[in-house]
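Next come the chains, spelled out residue by residue.
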Amino acid sequence: MRKSSEIWFSDLQTEDVSLDIKVKKQLFSAVSEYQQIDVFQSEAFGRFLALDGAVIFSEADEFIYNEMVTHVPMAVHPNVKKILIIGGGDGGVAREFTAYPEIEEIDVVEPDEQMVEVCREFFPETAKGFEDCRVHVIHQDGLRFLRGRQDEYDIIINDATDPFGHAEGLFTKEFYGSCYKALKEDGIMVYQHGSPFFDEDESAFRSMHRKVFRCFPISRVYQAHIPTCTSGYWMFGFASKKYHPINDFNPQRWKERNLKTWYYTTNLHIGAFMLPKYVEDLLEQEEES
Amino acid sequence: MNLEKQAYAPICEALERFKRKRVVPFDVPGHKRGRGNPELTRLLGAECVGLDVNSMKPLDNLCNPVSVIAQAEELTADAFGAAHAFLMVGGTTSAVQAMVLSVCKSGDKIILPRNVHKSVLNALILCGAVPVYVNLRIHPVIGVALGMEVEALEEAIKANPDAKAVLINNPTYYGICSNLKALTELAHRHGLKVLCDEAHGTQLYFGENLPMSGMAAGVDMAAISMHKSGGSLTQSSVLLIGPNMNQGHVRQIINLTQTTSASYLLLSSLDLSRRNLALRGKECFREVVRMAEYAREEINSIGGYYAYGKELVDGQSVYDFDVTKLCIYTKSIGLTGIEVYDLLRDEYDIQIEFGDIGNIMAYISIGDRIRDIERLVGALEDIKRLYQSDAGELAYVDSVLPEVACSPQQSFYARKETLPIRKTAGRVCGEFVMCYPPGIPILAPGELITDEIIDHILYAREKGCSLQGAADPVVDHLQVLV
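Residues numbered from 1 in each chain as written. Chains lettered and ligands numbered in written order. Predicted model: local features only at pLDDT ≥ 70, side-chain atom pairs only at ≥ 80, totals over all residues.

A. Representation of the overall build of chain B in the model. Each helix and strand counted, chain B has 17 helices and 18 strands in total. By principal-axis analysis of the C-alpha atoms, chain B measures approximately 65 × 50 × 45 Å. Looking at chain B as a whole, 54% of its 482 residues qualify as buried. For chain B, the share of sequence-separated contacts (at least 6 apart) that also reach a separation of at least 24 residues comes to 70%. (Helix = DSSP H or I, 4+ residues; strand = E, 2+ residues; numbered from the N terminus. Buried ≥ 20, exposed ≤ 12 C-beta atoms within 10 Å, placed from the backbone. Contact = placed C-beta atoms within 7 Å.)

B. Broad picture of the overall build of chain A. A tally of regular secondary structure across chain A gives 10 helices and 12 strands. On C-alpha atoms alone, chain A measures out to a radius of gyration of 18 Å, which is about the 19 Å that the 2.2 N^0.38 rule sets for 289 residues. The principal-axis extents of the C-alpha atoms in chain A amount to approximately 55 × 45 × 35 Å. Split into buried and exposed, the 289 residues of chain A put 47% on the buried side. Long-range contacts, defined here as pairs at least 24 residues apart, represent 65% of the contacts in chain A between residues at least 6 apart. (Rg over C-alpha atoms; globule rule 2.2 N^0.38 Å.)

C. Highlighting the domain arrangement of chain A. All names here are of chain A. One can read the domain layout of chain A as domain 1 (7–58) and domain 2 (62–288). Here the C-alpha centroids of domain 1 and domain 2 sit 23 Å apart. Tallying the contact residues gives 22 residues for domain 1 and 20 residues for domain 2. Tallying contributions element by element places strand 5 (residues 54–58) first for the side of domain 1 that touches domain 2, with 5 residues. A breakdown of the residues in the side of domain 1 that touches domain 2 according to their chemical character gives 14 nonpolar, 5 polar and 3 charged. (Domains from an automatic or database assignment. Nonpolar A, V, L, I, M, F, W, Y, C, P; charged D, E, K, R; others polar.)

D. Geometry of unusual backbone geometry. Omega for the bond connecting valine 28 of chain B with proline 29 of chain B falls within 30 degrees of zero, at 0 degrees, which places this linkage in the cis form. Tracing the chain through its elements places proline 29 of chain B in the loop between helix 2 (10–21) and helix 3 (38–44). Along the chain, asparagine 170 of chain B connects to proline 171 of chain B via a cis peptide bond; the corresponding omega equals -10 degrees. Of note in the backbone geometry, aspartate 151 of chain A takes a positive phi value of approximately 60 degrees without being a glycine.

E. View of the sheet that holds strand 7 (residues 221–224) of chain B. Residue and element names in this part refer to chain B. Spatially, 7 strands are ordered 1-8-7-6-4-2-3 in an open sheet, and the strand pairing comes out mixed. Two strands lie at the open edges of the sheet, namely strand 1 (84–88) and strand 3 (130–134), each paired on one side alone. Each adjacent strand pair in this sheet contributes to an overall mean axis angle of 20 degrees, direction not counted. Taken together, the 4 bridges between strand 7 and strand 8 (residues 237–241) define a ladder with antiparallel strand orientation. The residue of strand 8 that forms the bridge with alanine 222 is leucine 240. (Pairing = 2+ DSSP bridges. Axes fitted to C-alpha atoms, helices over the stretch in contact; angles between N-to-C directions.)

F. Here's a closer look at the interface of chain B and chain A. Listed as interface residues are 13 residues of chain B and, on the opposing side, 13 residues of chain A. Among the elements of the structure, helix 14 (337–348) and helix 15 (370–387) of chain B are those that each provide at least two residues to the side of chain B that touches chain A. Looking at which element gives the most residues to the side of chain B that touches chain A, the answer is helix 15 of chain B, with 10 residues. Looking at the side of chain B that touches chain A residue by residue, the class counts come to 4 nonpolar, 1 polar and 8 charged.

G. Examining the sheet that holds strand 11 (residues 326–329) of chain B more closely. Residues and elements named next belong to chain B. Judged by pairing direction, the sheet is antiparallel, and its 4 strands sit side by side in the order 9-11-13-12 without closing on themselves. Bordering the open sheet on either side are strand 9 (306–307) and strand 12 (354–355), each of which pairs with just one other strand. Direction of pairing for strand 9 relative to strand 11: antiparallel, over a ladder of 2 bridges. Bridged to tyrosine 306 within strand 11 is tyrosine 329.

H. Highlighting the domain arrangement of chain B. Residues and elements named next belong to chain B. By domain assignment, chain B separates into domain 1 (3–278), domain 2 (279–393) and domain 3 (408–481). The leading source of residues in the side of domain 1 that touches domain 2 is helix 13 (residues 264–302), at 4 residues. Broken down by class, the residue content of the side of domain 1 that touches domain 2 amounts to 15 nonpolar, 11 polar and 4 charged.

I. Quick look at the packing of helix 2 of chain B against helix 13 of chain B. Residue and element names in this part refer to chain B. Remark: helix 2 packs on helix 13, axes separated minimally by 7 Å, with the N-to-C direction vectors making an angle of 130 degrees. Relative to helix 13, helix 2 is oriented oblique. Contacts from Pro10, Ile11, Cys12 and Leu15 in helix 2 reach Tyr264, Leu267, Ser268, Asp271 and Leu272 in helix 13. (Parallel < 35°, antiparallel > 145°, perpendicular 65-115°, else oblique.)

J. Focus on the nonpolar core. With 158 residues, the main nonpolar core has Val100, Val238 and Leu240 of chain B as its most contacted residues. In terms of residue count, the dominant contributor to this core is helix 13 of chain B (14 residues). Aside from chain neighbours lying at most four places away, what touches valine 238 of chain B is Thr76, Ala85, Phe86, Leu87, Met88, Ala95, Ile224, Met226 and Leu270 of chain B. Formed by 77 residues, the second largest nonpolar core is a distinct cluster that contains Ala50, Val69, Ala75 and Met115 of chain A. (Core = buried A, V, L, I, M, F, W, Y, C linked by C-beta atoms within 7 Å.)

K. Main features of the confidence of the model for chain B. Per-residue confidence for chain B gives a mean pLDDT of 92, with 97% of residues at or over 70. For this predicted complex, the interface confidence score (ipTM) comes to 0.83, while the overall pTM stands at 0.87. (pLDDT = per-residue confidence, 0-100.)

L. Molecular detail of helix 5 (residues 68–80) of chain B. Residues and elements named next belong to chain B. Taking 1.5 Å of rise per residue, the 13 residues of helix 5 would be expected to cover 18 Å, and the 18 Å separating its terminal C-alpha atoms lies within 8% of that figure. The element helix 5 is largely enclosed, with a buried count of 10 among its 13 residues. Inspection of helix 5 places Val68, Ile69, Gln71, Ala72, Glu73, Leu75, Thr76, Ala77, Ala79 and Phe80 among the buried residues, and these make up the whole buried set. Turning to helix 5, the residues buried within the fold contact helix 1 (3–6), helix 2, strand 1, helix 10 (214–217), strand 8 and helix 13. (Expected span 1.5 Å × (residues − 1).)

M. View of the pairing of strand 5 of chain A. Residue and element names in this part refer to chain A. With 4 of 5 residues buried, strand 5 is to be regarded as a mostly interior element. Inspection of the sheet shows strand 4 (residues 46–51) paired to strand 5 by 4 bridges, in the antiparallel sense. Residue pairing for strand 5: phenylalanine 48 is matched across the bridge by serine 58. Hairpin geometry of strand 4 and strand 5 is characterised by an intervening segment of 2 residues between the two adjacent antiparallel strands and by a positive phi of about 45 degrees at aspartate 52.

N. Here's a closer look at the environment of glycine 142 of chain A. Residues and elements named next belong to chain A. Here glycine 142 shows up in helix 5 (residues 142–146). Residues glycine 142 and valine 80 lie 62 residues apart in sequence; the distance between their C-alpha atoms is 21 Å. When sequence neighbours within four positions are dropped, the list of residues in contact with glycine 142 reads Ile86, Val109, Gly169, Leu170 and Phe175.

O. Up close: the environment of glutamate 149 of chain B. Residues and elements named next belong to chain B. Looking at the element boundaries, glutamate 149 is found in the loop between strand 3 and helix 8 (150–159). Glutamate 149 gets classed as buried once you count the C-beta atoms within 10 Å, which come to 21. Taking the C-alpha atoms as reference points, glutamate 149 and serine 178, separated by 29 residues in sequence, lie 6.9 Å from one another. Non-local contacts of glutamate 149, meaning those with residues more than four positions away in its chain, are made with Gln316 and Ser317.

P. Quick look at the packing of helix 6 (residues 91–103) of chain B against helix 7 (residues 118–127) of chain B. Residues and elements named next belong to chain B. Between helix 6 and helix 7, whose axes approach to 9 Å, the crossing angle comes to 45 degrees. Viewed along their axes, helix 6 and helix 7 adopt a mutual orientation that is oblique. Note that helix 6 runs across helix 7; the crossing there is right-handed. Along the contact surface, helix 6 presents Thr93, Val96, Gln97, Val100 and Leu101, while helix 7 presents Ser119, Val120, Asn122, Ala123, Leu124, Leu126 and Cys127. (Left-handed = near helix turned anticlockwise from the far one by under 90°.)

Written as structure tokens, this is what we have:
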């Protein structure tokens, strides 16, 4: 039962569906040059960050997302030295990568300087990725940063979530093409693929796969369960110039690292690429179109 | 310009007052504030449909403005530095036609460059005036027709001392500006009226450090596409006149072809855009220039493409350059402008203004954002990576200057026959053939068809240009004079 004195945050996932989180306190609110940034304290999810009214991550479930975009490509690519994270102003993905000693450089390109500051202040556990000396934060438009770069990165993570917000440019053919060019000949790009469950998200989901499938020789999709994401079910794209996410997967090598995880396991790695029939059908239709 | 007065928008204020009165409509339009057409109301919004009203006393009448429209026109004239301004609802096409019809009648000669918009040639069909073309230099690299040179106009006047007027495109679609002041002075010395097609020139009146505007140069009439860089609704436009024109006569000319049910959606958009430009135009166009210059720099650093700017200025055929224009020469990466135009739309979801044989144009305006510029530049880089081909293979002819064999009006109404296009060389054309956009005719009625021109049409068609104007939509056949 809701009581009249309570504050609830509603994340409108569609016009007719919302995820409501009871809020103890609002910790921060501002409009940056790019978006509305809000930080809340809640019982169920701990602190959480909302951009333009949509939950981006919470203390309770950020590990799922951050582990899944990091360990999946790292368990496939045998020789990673240089990483590029586009978006990623919270530092969570960078933090996961810093656990790998062989990585020499991690570039985080986040246009919104204020978002980085807010995360440093309110999510120090997540933002501690920024403290590692291998991590460089660049405040620039993602497309602008990629322009002219060639044969430079082993892994690129597109950390932007919203294909209709200020990061719209990171869901386009020109972006995927620029990533392809900026990757080395055996590079991998992992990107947010969203959720195809609600009708209004389906066309964005389809168009992403259509574009990436035509851009990279290997293009597979994998999934995770993330409670604060739309429909609680989230997908990632694995686009690669050389390595296949299953055929070139090396569980033994990854296990020997003895990394501590809460979501990712080498069993789950394979399972994550096993998709529900309706998702498989959507993807196949785009591959054949 | 009186800034205090410019803060008013008389038409919009009258519409607001009218809305508050809740007048019961027993007049047209029959949708009655949208109630009679709920589907349209859902599409356009109740506010918008509610403003779609008819002329009436409190809202004035565009055919004979005496109150709020007259005030809005006065403010517009003041903002543009004109003797009078007419608000237009038939597109800049109607403004251009009103210019020509105001100064030419049947048989009169009018001097113009060949790369005029089809609306000019249509006006010649309407009034029976005869075109005298001034040869324009073509830029050796980008293949674009340049500005009108003073010497070229002088020659044309000498050869046609009976000419009544000269029409100048300034700036052109590509940003090329002529020495408008010198051309105007020369024409005036010989008693010619000067008409300026300023469809791409609204910004010249409000921005800083931009080329000289028509009114500042002393032209007699100027057609301004407010809906292009000015921010008003599509199909709204402004016609300006100088002190030596008869306002009443021009109004009569406009009323020959103008609707008697002018749309208040269009009129209010002109009113608000004029106010915005008068009050904030300087900052708006500073931002537009900044974005266009940034895009130029970034595109040029990709390599291969050539986004041209001020360096084209040579003091003659390119007297000045409008830096708000972003045109890019693409043939150097082995692709025609049309091909890049299609790729941008089909593969990258980016719609640009036009692609011709060697160039594309991306329209930069007060509504743009840097992040969208990044997309455009990123897409151009990706197109180069994926589609670049050998530039040497593309031979073409552009802007072929045709010979006028017969007046456009006579040819338009003459007896004609239809022939396969390859069989028409040596005949006089009876219709228009143009690439759209930009809508500049390759052939106009009355022009002599040559093999060179046929090659040009077929090449443009092969490269995916949308050919318009001819009776045969795919232009396998042309109508020629018997």
